[in-house]
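# Fold and contact review
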Amino acid sequence: MNATQVLVLNSGSSSLKYQLLDMPEGRRLATGLVERIGEEGPGRLVHTPAEGERRERELPLPDHAAALRAAGDELAADGLGLDSPGLAAVGHRVVHGGRTFTEPTVVDERVLAEIERLVPLAPLHNPANLAGIRTALAINPDVPQVAVFDTAFHTTIPDHAACYAIDAEVAAEHRVRRYGFHGTSHAFVSRRTAELLGRRPEEVNVITLHLGNGASAAAVAGGRCVDTSMGLTPLQGLVMGTRSGDIDPAVVFHLSRVAGMSVAEIDELLNSHSGLRGLCGDNDMREVVRRMDAGDERARLAFDVYIHRLRSYLGAYFAVLGRVDAVAFTAGVGENATRVRTAAVAGLDALGLAVDERLNTAADRGPRLISPEYARVAVAVVPTDEELEIATQAFALVNA
Ligand code: AMP
């Protein structure tokens, strides 16, 4: 039997998302979500096979090992277990690969140690990712485990865009620089956008706007990322659902001195009680737009701040790239919020940008152009698929 399946794992601090795909077509065989890992009370598992009924159950989930075993049991019940000879690889989403990991990488002891060394740069994410990898290795040591890093696509960003203008020795000692995130999505979407234009990725310059609950922009020149809006952490850049994005760093000192807030409190404020939620109380763009249309001033301001920041990055990346062939919207907000897309490019005809409202509001789901034919720069909506991209990279690596 040819091994053509890839299991993609995305381990969070208390959750595990998984998808089993048949490659190279990328057909979904099963998807699942395990939640409330390591929390009080029972955990929860939802498993959806491509053929058959969705199954849900509650079970004790003390740790990631228990979660992955439970997922493995569900897959086995469909004849697709973790020890199935059809399994070619397990692909793991790993948030922080620092400057070390520029490519998807087969995991060995050295790789595990390096991901561990990067924990201070992603203290919430890398430990959960490591737990997922170690558990999968323990369950089936014979299947290659491939780590696919959120930062990898951004390792081509030149130093002049990646360095912060702070004391160089301090920055070097503590590895402080722009790393960028959502790289798997930016890579996938920029490539798909080139396809949509009927050109090779090396021939086009694309600005990708990943607008989900987390949000980031990337400037991609000929298939290589040259700038992105997230930084040392995913807090920098665009206004997000609950994260502030860019602020004056002195806001932190001010809140510490004047409001007496601790570092932990300010961290929580900027990551969880800022962005759309901080501005108006809601982090879901659907709700923000609904309230704005009903005349709510706070929701209007939140929307306007979000759009102003987005347009600022759009303009900046025109300057970074020099020539732009396409702007691509993706993720929950980018794929669905027609109003955001309209507002993001409104009045930017001088940059060659325009949206055809009939195309923008059409009910299509797939990759599509929404700019009028006369526009110099294509505006595209390209649904992201990070799991497929991870599976594609992992499958290519183990078959290389
Ligand atoms: P993601 O992180 O990519 O899953 O995106 C989640 C976000 O997408 C949600 O918090 C919503 O704000 C947004 N979203 C999803 N569907 C819609 C929609 N139909 N209109 C506007 N925003 C949406």
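Residues numbered from 1 in each chain as written. Predicted model: local features only at pLDDT ≥ 70, side-chain atom pairs only at ≥ 80, totals over all residues. Heavy atoms only, no water.

So, on to the sheet that holds strand S13 (residues 368-369). If you trace the 6 strands from one edge of the open sheet to the other, you get S11-S10-S9-S12-S14-S13, paired in mixed fashion. Of all strands in the sheet, those with a lone pairing partner are strand S11 (224-228) and S13, marking the two edges. Sheet topology places strand S12 (residues 326-330) next to strand S14 (residues 378-381); 4 bridges connect them, and they run parallel. Opposite Val327, over in S14, you have Val379 as the bridge partner. Contacts from helix H11 (residues 297-321) reach strand S9 (205-211), strand S10 (215-221), S11 and S12, with the element oriented near 160° to S9. (Pairing = 2+ DSSP bridges. Helix = DSSP H or I, 4+ residues; strand = E, 2+ residues; numbered from the N terminus. Contact = heavy atoms within 4.5 Å. Axes fitted to C-alpha atoms, helices over the stretch in contact; angles between N-to-C directions.)

Our next topic: empty space enclosed by the protein. The final tally for this structure, using the stated rule, is 1 cavity of 30 Å³ or more. What lines the largest cavity is simply Leu9, Ser11, Leu16, His64, Leu68 and Gly132. Residue composition of the lining of the largest cavity, by class: 3 nonpolar, 3 polar and no charged. (1 Å grid on protein atoms, 1.4 Å probe; cavity = no way out; pocket = protein on both sides within 12 Å on 5 of 7 lines; lining within 4 Å. Points joined across faces, edges and corners; volume = space filled by probe spheres on them. Nonpolar A, V, L, I, M, F, W, Y, C, P; charged D, E, K, R; others polar.)

In the contact formed by helix H6 (residues 183-196) and helix H15 (residues 386-398), the axes pass within 9 Å of each other and the chain directions differ by 90°. Judged on the interaxial angle alone, H15 and H6 are roughly perpendicular. Judged by residue contacts, Thr184, Ser185, Ala187, Phe188, Arg191 and Arg192 of H6 engage Glu386, Leu388, Glu389 and Ile390 from H15. Partitioning the contact of H6 with H15 into residue classes produces 4 nonpolar, 2 polar and 4 charged. (Parallel < 35°, antiparallel > 145°, perpendicular 65-115°, else oblique.)

So, on to the nonpolar core. In terms of nonpolar packing, the biggest core is built from 45 residues, with Leu211, Met285, Tyr306 and Val340 touching the most fellow members. Looking at this core, the elements with two or more residues in it are S9, S10, helix H9 (275-280), helix H10 (285-293), H11, S12, helix H13 (338-345) and S14. No other element matches the 11 residues that H11 contributes to this core. Contact partners of Met285, with chain neighbours within four places excluded, come to Leu276, Phe303, Tyr306, Val333, Ala337 and Val340. (Core = buried A, V, L, I, M, F, W, Y, C linked by side-chain atoms within 4.5 Å. Buried < 20%, exposed > 50% of the residue type's maximum accessible area, 1.4 Å probe, protein only.)

Taken together, Gly212, Asn213, Asn283, Asp284, Met285, Arg286, Ala331, Gly332, Val333, Asn336 and Ala337 make up the full set of residues adjacent to the ligand. Between an oxygen atom of the ligand and a main-chain N or O atom of Gly332, the distance comes to 2.9 Å. In isolation the ligand has 500 Å² of accessible area, and contact with the protein removes 66% of it. Taken together, the elements giving at least two residues each to the shell around the ligand come down to H10 and helix H12 (331-336). No other element matches H12, which puts 4 residues into the shell around the ligand. Looking at the shell around the ligand residue by residue, the classes come out as 4 nonpolar, 5 polar and 2 charged. (Near = heavy atom within 4 Å. Polar contact = N/O pair within 3.5 Å; in protein donor to acceptor, adjacent residues only side chain to side chain. Areas by Shrake-Rupley, 256 points an atom, 1.4 Å probe, with all protein chains shown as cover.)

Under the feature "active site" (unreviewed entry), the UniProt entry names Asp150. Relative to the helices and strands, Asp150 resides in the loop between strand S8 (145-149) and helix H4 (159-162). Note on Asp150: relative accessible area 2%, which makes it buried. Beyond its immediate stretch of four places on either side in the chain, Asp150 contacts Arg93, Val94, Val95, Gly180, Phe181, His182, Gly183 and Thr184. Reaching out from Asp150, the side chain makes a polar contact with the side chain of Arg93 at a distance of 2.7 Å. (UniProt positions renumbered as here; feature names shortened; annotations may be inferred.)

Per the stated rule, a full pass over the model turns up 0 disulfides. No disulfide involves Cys163; its sulfur sits 15 Å from the nearest other cysteine sulfur, which is in Cys225. (Disulfide = S-S within 2.5 Å.)

The sites that carry the UniProt feature "binding site: substrate" (unreviewed entry) are, in the present numbering, Arg93. Its place among the elements puts Arg93 in strand S6 (residues 87-94). Apart from residues lying up to four places away in sequence, Arg93 is in contact with Leu9, Asn10, Asn129, Val148, Asp150 and Ile390.

Buried residues of H10: Met285, Val288, Val289, Arg291 and Met292, and no others. Viewed along the axis of H10, the buried residues span an arc of 165°, placing them on a single side of the element. Just beyond H10, the residue with positive phi is Gly295, at close to 95°. (Arc of directions from axis to C-beta.)

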